[in-house]
Amino acid sequence: MKIVVIGGTGLIGSKLVARLKQQGHEPVAASPKSGVNAVTGDGLAAALAGADVVVDVANAPSWEPAAVLAFFERSSKNLVATEAAAAVKHHVALSIVGAERSPGNTYFRAKLAQETIIKSSPVPYSIVRATQFFEFLGAIAEMGANDGKIVVPSALFQPIAADDVAARLAEVATGKPLNGTIDIAGPEKAPFNEFIARRLKASGDTRPVVGDPKTPYYGSLIDDTSLNPLGEARLGATSLAAWLANF
Ligand SMILES: NC(=O)c1ccc[n+]([C@@H]2O[C@H](COP(=O)([O-])OP(=O)(O)OC[C@H]3O[C@@H](n4cnc5c(N)ncnc54)[C@H](OP(=O)(O)O)[C@@H]3O)[C@@H](O)[C@H]2O)c1
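Once a new chain begins, its residue numbering starts again from 1 and follows that chain's sequence as written. In keeping with the predicted nature of the model, local features appear solely for residues at pLDDT of at least 70, side-chain atom pairs appear and are counted solely at 80 or more, and the whole-chain, interface and lining totals rest on all residues. Excluded from the side-chain calculation are hydrogens and water; included are all heavy atoms of the structure.

Turning next to the packing of aromatic side chains. Side-chain rings of Phe, Tyr and Trp (the six-membered ring for Trp) are treated as a pair once their centres are within 6.5 Å; stacked means planes under 30 degrees apart, edge-to-face means over 60, and tilted covers the remaining angles. Summed over all chains, the structure comprises 13 aromatic pairs. Centre to centre, the rings of W243 and F247 are 5.3 Å apart; their planes meet at 40 degrees, and the pair counts as tilted. Note on exposure labels: buried denotes an accessible area under 20% of the residue type's maximum, exposed denotes more than 50%, and partly exposed covers the range between, all computed with a 1.4 Å probe on protein chains only. On the basis of relative accessibility, which here comes to 15%, the residue W243 falls in the buried class. Among the aromatic residues, those joined into a cluster by ring pairs are W63, F71, F72, Y107, F108, F136, F157, F192, F195, Y217 and Y218.

Residues shown with low pLDDT carry predicted positions that ought not to be read at fine detail. Averaged over all residues, the pLDDT of the protein chain is 98; the fraction at 70 or higher stands at 100%. By mean pLDDT, the top-scoring element of the protein chain is strand β4 (residues 90–96) (99), and the lowest-scoring one is strand β6 (residues 145–146) (95). The pLDDT value expresses, per residue, how confident the predictor is, ranging between 0 and 100. In this description a helix means any DSSP run of H or I spanning at least four residues, a strand means any run of E spanning at least two, and both kinds are numbered starting from the N terminus.

Our next topic: helix α4 (residues 106–119). In a regular helix each residue adds 1.5 Å, so 14 residues correspond to 20 Å; α4 covers 20 Å between its end C-alpha atoms and thus fits that length. Within α4 the residues assigned to the buried category are Y107, F108, A110, K111, A113, Q114, E115, I117 and I118. If you follow the buried residues of α4, they end up packed against β3 (53–56), α3 (65–85), β4 and β5 (125–130). N or O atoms closer than or at 3.5 Å make up a polar contact, with two conditions inside protein: a donor-capable atom paired with an acceptor-capable one, and, for residues adjacent in sequence, both atoms drawn from side chains. The N-capping residue of α4, defined by a side-chain oxygen 3.1 Å from the backbone nitrogen of Y107, is N105. A helix is expected to span 1.5 Å for every residue after the first. By definition, residues are in contact when any of their heavy atoms lie within 4.5 Å.

A few words now on the environment of D224. Its location among the elements puts D224 in the loop between β11 (209–211) and β12 (234–235). Between the alpha carbons of D224 and S154 there is a distance of 8.6 Å; along the sequence they are 70 residues apart. Engagement of the side chain of D224 in a polar contact is seen with the backbone nitrogen of L156, the distance being 2.9 Å.

Moving on, we come to the sheet that holds strand β1 (residues 2–6). We call two strands paired when DSSP finds no fewer than two bridges between them. Taking strand neighbours across the sheet as the criterion, the seven strands line up as β2-β1-β3-β4-β5-β9-β12 in an open arrangement whose pairing is parallel. In the strand order of this sheet, the two ends are held by β2 (26–30) and β12, each with one partner. In this sheet, strand β9 (residues 180–185) lies alongside β5 in parallel orientation, the contact comprising five bridges. Following the sheet pairing, I127 is matched in β9 by T181. Sheet contacts for α3: β1, β3 and β4; angle to β4, the most-contacted strand, approximately 165 degrees. Axis geometry follows a simple rule: fit a line to the C-alpha atoms, using only the stretch in contact for helices, then measure angles between N-to-C directions, giving values from 0 to 180 degrees. Its contacts with the sheet place helix α6 (residues 162–173) against β3, β4, β5, β9 and β12, and it is angled at close to 155 degrees to β4.

Quick look at the structure:
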């Protein structure tokens, strides 16, 4: 099966391409580095010719509110239009668990716009919503750096390893379109600050980590229900301890 991975050079994309190749599929990593730009449309029609499936795991270079919204809107519109013209049978996209539950989070708003475009397109689709990646915990910590401390929310959090995200995406991409959305999350749920403290400790960072319910996550206050699956969800196999052991 020819599977074009838009954003195939990124964190998730490169893991997904390797996994699909190992499974005997014909993945194509498409991104600006290989001359395929989903925002401008450059190289898209040629890359999608003869593709059975397209998986979109591209990410915006700028998370400035207007830029990130324009990125996900333009890229998603270009992708579904080019897929429809090329008779692609399945569009798979990676989104975020609870994106609608953090109204002040402009990145999440852009992901919701992406989901809306996919759902209203004629191309059969599957949307996989993941929680935050373990690989992202260091960057989250830095956003909370304040006077020698790290201040982050204290609500429950359920992050997942990028390898587990790629494994589930590979399964979905090689299956029938769901024409719906599934949630995936990590195997453990604990206060946000605990995950951040464990991640920093593993890299020898001694800054104290403070959990504060009044500290927002990307512009939105969060509670125990904001970022975690509320209904059925498939859980990744990798615990934070196992992931940190190879960190
Ligand atoms: N971070 C999280 O915790 C989290 C949680 C849930 C879902 N997600 C979603 O997961 C997805 C993948 O994230 P990631 O961390 O793997 O991303 P990443 O490592 O930042 O990789 C971004 C990819 O997007 C490509 N790209 C950038 N601009 C493009 C364009 N105009 N056209 C086509 N491709 C373009 C890049 O290509 P080049 O290498 O050529 O620049 C790169 O391959 C994102 O959609 C994100 O919203 C993230």
